[in-house]
Amino acid sequence: MSDTAMPSRTSGCPVAHGALSAERTPTGCPVSQRAAEFDPFEDGYQQDPPEYVRWAREQEPIFYSPKLGYWVITRYDDIKAVFRDNLTFSPSNALEKITPTGEEANAVLASYGFALNRTLVNEDEPAHMPRRRALMDPFTPEALKHHEPLVRELARSYVDRFIDDGRADLVDQMLWEIPLTVALHFLGVPEEDMDTLRKYSIAHTVNTWGRPKPEEQVAVAHAVGNFWQYAGKVLDKMRQDPDAPGWMQYGIRKQMQHPEVVTDSYLHSMMMAGIVAAHETTANATANAVKLLLQHPQVWQELCDDPGLIPNAVEECLRHNGSVAAWRRLVTKDTQVGGVDLPAGSRLLIVTSSANHDEGHFADADLFDIRRDNASDHLTFGYGSHQCMGKNLARMEMQIFLEEFTRRLPHMRLSEQRFSYVPNTSFRGPEHLWVEWDPRANPERADAGLRDVQVPVRIGEPSAHAIARPVVVERVTPVADGIVRLRLVSPDGKPLPRWTPGSHIDVECGTPELSRQYSLCGDPDEAHALEIAVLHEPEGRGGSAWVHGNVKVGDRLRIRGPRNHFRLDESLAKAIFIAGGIGITPVSAMARRAKALGMDYELHYSGRSRASMAFVDELAALHGGRLHVHAADEGRRNDLRALLAAPVPGAQVYACGPLRMLEALEDCCAAWPEGALRVEHFESTLATLDPSKEHAFEVELKDSGLVITVPPDQTLLTALRAANVDVQSDCEEGLCGSCEVRVLAGKVDHRDVVLTRSERDANTKMMACCSRACEGRLVLEL
Ligand code: HEM
Ligand code: FES
């Protein structure tokens, strides 16, 4: 943005509603008292932006701030809608100075020829997307792998410097410098210029997002002017050696092919803005994360015990306390957001940190929960066609820092201190972060090899698969021939996650590679324990044999979940539960719930013999005449065909048991309404690809403006991730529904078991982990 195109600060409501009123209205016009008082440069916002605008999120989600001259947007859905439409909501003001500077400072900047202009983040279409596409390759997870050794080595050597001191300011002594060094390497800046650029970068933040006092403005302007000129010189140097590694050199090479896409003005501006984009965001994000984790010592301990939790913890830190608190957009035509009229020319402050605490999207949003399964839905990286290109580099750095700290300094704690922030609307992180520990207790003193432990980093968004939870076996009870019931509790006696009937957990049977799913069969109202029943299957893949052969009272196990792919519709008129053998586990929890709800239900339970059937007495006591036991050795087989001969209006059938039984049920329910039969699948081959039978297809991503090709040997999910597009996933086998994406056009070859027939026919959503295109191109809302 050129220096002349600065926002004029409005002193009142931009819409003609008369004088300011103390009365709040839901539209924010006339400006309410709290809206009039809103000041993002105040300490309240600086310390905790989502808390500072809680009132707005709850009562007046979109309001006009006369002090700032901006409309402020605070809810998740509204902010996502703004990000999604980059034509109506132009990003052109993203790097504008939020506080206009005085004439003297402007003259200083002009004297340096300062002309910071469009880069990517503030570029409009149609210029932006071709440029983004041209410059994307160095950011893909594949390309980023090359930067991992540097980040790891830097992190290790910086920790070496202070590990014996017992005290450090992590910001000054590590977190400020490493992301800057990584950013400079990523950009391709020659070593000899790094120190100078390091010095200048902070001035740019204050100049753009801060409110420098008039007496500071001139000094800031000099620093920014110098930064600008220096960036130009470095760029000239890079042009001499365009084949050197680095994103800027990549851009220089692209300019040779497409000078109209990668312009001179872009390269010079990006040389300056790129450093800030990659540096402060990541430094601040890590400082925020370490602070938040150490403020929750128990969570910190869990990370130290199980580094597999780190990738999701990074996302939860970015959600709960990210380093970008708010972003900006400019309204290009009269429009509405969340029912509020926004005239063309309105400036928007979209408080992404507030969206990240929106109860409408994140359950118990203020809770810091590193196992939260939708943590990576946060908007700290923005969303849509401008979403942060460097997000996976940032995630990698943050993971590595946390891995190094948790392994080498697990006994680290926060020192007493008051945190200060550089006052600005957007970039947020403590200026200092003092931590302390007892160096005599450094684990490396007992085991020097610990310093150099190899840890593989996961590049990209974390998978729910990685989120493990330790539990202790409280009881092991034989409940039938070859079946044991395990009662699991949390090691600290705290409540375990809540679950609903039909849920299962994954149990690591000795090693993380041998993970098996077991349905929960206890009482969901019992918050302190989870119960599963395990049938010994000598011909199985080893999970049940391990449980039967090894598990004793007092053992620690690692589980994942609970997750539910087999939900009971609680509004049903009637439920028919059908269980075969060990399939009774989820069904027993569902039947208990049906009884508690006062629902009409019947429970059919079949097995070889009563002795081999778990819980028969318990079930009889609870369900009385509603329970029908079909023991084969008593000659009482379950005649499914007779049972389901005629569809029962408003009823659903829930079944779990051997595959043969489930297949027979499909057959018996052919005349029932679609979706009436609900079946629990434990294993599936839905996501297994045979490339010789598949064809490649194209997907157009509407929100991100990308077109990608999914080759025959890749799932859509893998292809999306390789293109840096985040999609949640859990089972990755077409069972759970967590990878659902919205389909706007094209015919889908559905392969999951989640969607009903009519949902498939409607063709408005698909599971990215297994489903593909029938032919031609799919258009997705991503
Ligand atoms: C854009 C945040 C790290 C490069 C953005 C945007 C945000 C953001 C909010 C604007 C998104 C939008 O308008 O939808 C962050 C955070 C980071 C981080 C919180 C660290 C935790 C990085 C790194 C790099 C980077 C390490 C580079 C190596 C970019 C670029 C864009 C961008 C090039 C512009 C993309 C476009 O407009 O097409 N980032 N960023 N960022 N970021 Fe990041
Ligand atoms: Fe579970 Fe795709 S990840 S259905």
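Small disclaimer: the values here were computed from a predicted structure and weren't measured.

(A) Spatial organisation of the coordination of the iron atom of ligand 1. Just one protein atom coordinates the iron atom of ligand 1, and that atom is Cys388 (SG), at 2.3 Å. Relative to the assigned elements, Cys388 resides in the loop between helix H18 (352-355) and helix H19 (391-408).

(B) Representation of the site of ligand 1 within the structure. Around ligand 1, the structure places 30 residues, and the nearest of them are His128, Arg132, Arg329, His386 and Cys388. Contact distances for ligand 1 include 2.9 Å between an oxygen atom and a side-chain N or O atom of Arg329. Going through the elements one at a time, helix H7 (128-134), helix H15 (264-294), strand S5 (327-331) and H19 are the ones with two or more residues in the shell around ligand 1. The biggest single contributor to the shell around ligand 1 is H15, with six residues. For the shell around ligand 1, the class distribution of residues is 18 nonpolar, 10 polar and two charged.

(C) A look at the confidence of the model for the protein. Residue-level pLDDT values for the protein average 89, and 93% of them are 70 or greater. Overall, residues 1-12 carries pLDDT values under 50, and its contacts beyond four positions in sequence, including any with other chains, amount to 31 contacts. In the predicted structure, residues 18-26 sits below a pLDDT of 50 and forms 18 contacts with residues beyond four places in sequence or in another chain.

(D) How the structure looks around the state of the cysteines. Within the structure shown, the criterion is met by zero disulfides. Left unpaired, Cys668 is separated from the closest cysteine sulfur, that of Cys669, by 6.4 Å. Exposure remark for Cys668: the relative accessible area of 10% places this residue in the buried category. Cys669 gets classed as buried once you look at its relative accessible area, which sits at 8%.

(E) View of the packing of aromatic side chains. By the definition in use, this model includes 16 aromatic pairs. Where Phe139 meets Trp247, the ring centres are 4.9 Å apart and the plane angle is 75°; that geometry is what we call edge-to-face. Linking Phe139 in the loop between H7 and helix H8 (141-144) with Trp247 in helix H14 (residues 247-257), this pair joins segments that are 108 residues apart in sequence. Owing to a relative accessible area of 5%, Phe139 belongs among the buried residues under this scheme. Its relative accessible area of 5% is what places Trp247 among the buried residues.

(F) Region of the structure containing the pairing of strand S16 (residues 556-564). Burial analysis of S16 places seven of its nine residues in the buried class, the great majority of the element. Bridge count between strand S13 (residues 503-508) and S16: four bridges; the pairing is antiparallel. Residue pairing in the sheet places Ser503 in a bridge with Asn564 of S16.

(G) The side chain of Ser385, seen in detail. By the secondary structure assignment, Ser385 is in the loop between H18 and H19. By relative accessible area, Ser385 is classed as buried at 4%. Those residues within four positions of Ser385 in sequence are excluded, and the remaining contacts are Asn86, Glu125, His128, Met129, Arg132, Asp703 and Ser704.

The rules we used
- The residue numbering used here restarts from 1 in each chain and proceeds along that chain's sequence as written.
- Chains carry letters from A onward and ligands carry numbers from 1 onward, assigned in written order.
- Totals for whole chains, interfaces and linings use all residues, but because this is a predicted model, local features are given only for residues with pLDDT of at least 70 and pairs of side-chain atoms are given and counted only at 80 or more.
- Side-chain measures here rest on the full set of heavy atoms in the structure, leaving out hydrogens and waters.
- The donor set comprises N, O and S atoms within 2.8 Å of the metal, extended to 3.2 Å for Na, K and Ca; water molecules are omitted, so apparent gaps in a site may simply reflect that omission.
- Only DSSP runs of H or I reaching four residues or more are called helices, and only runs of E reaching two or more are called strands; each is numbered from the N terminus.
- Here a residue is considered near a molecule or strand provided that any single heavy atom belonging to it is located within 4 Å of it.
- A 3.5 Å cut-off defines polar contacts: any pair of N or O atoms within that distance qualifies, except that in protein one atom must be a possible hydrogen donor and the other a possible acceptor, and neighbouring residues in sequence count only when both atoms are side-chain atoms.
- Basically, the charged four are Asp, Glu, Lys and Arg, the nonpolar ten are Ala, Val, Leu, Ile, Met, Phe, Trp, Tyr, Cys and Pro, and anything else, Gly included, counts as polar.
- On a scale of 0 to 100, pLDDT captures the predictor's confidence in every residue.
- Any two residues whose heavy atoms approach within 4.5 Å are treated as being in contact.
- Note on disulfides: each one is a pair of cysteine sulfur atoms within 2.5 Å.
- The buried label goes to any residue with under 20% of its type's maximum accessible area, the exposed label to any with over 50%, and the partly exposed label to all in between, with areas taken from a 1.4 Å probe on protein chains only.
- To pair, rings of Phe, Tyr and Trp, with the six-membered ring standing in for Trp, must have centres within 6.5 Å; the planes then decide the type, stacked if under 30 degrees apart, edge-to-face if over 60, and tilted in the middle.
- When DSSP finds two or more bridges between a pair of strands, those strands are recorded as paired.

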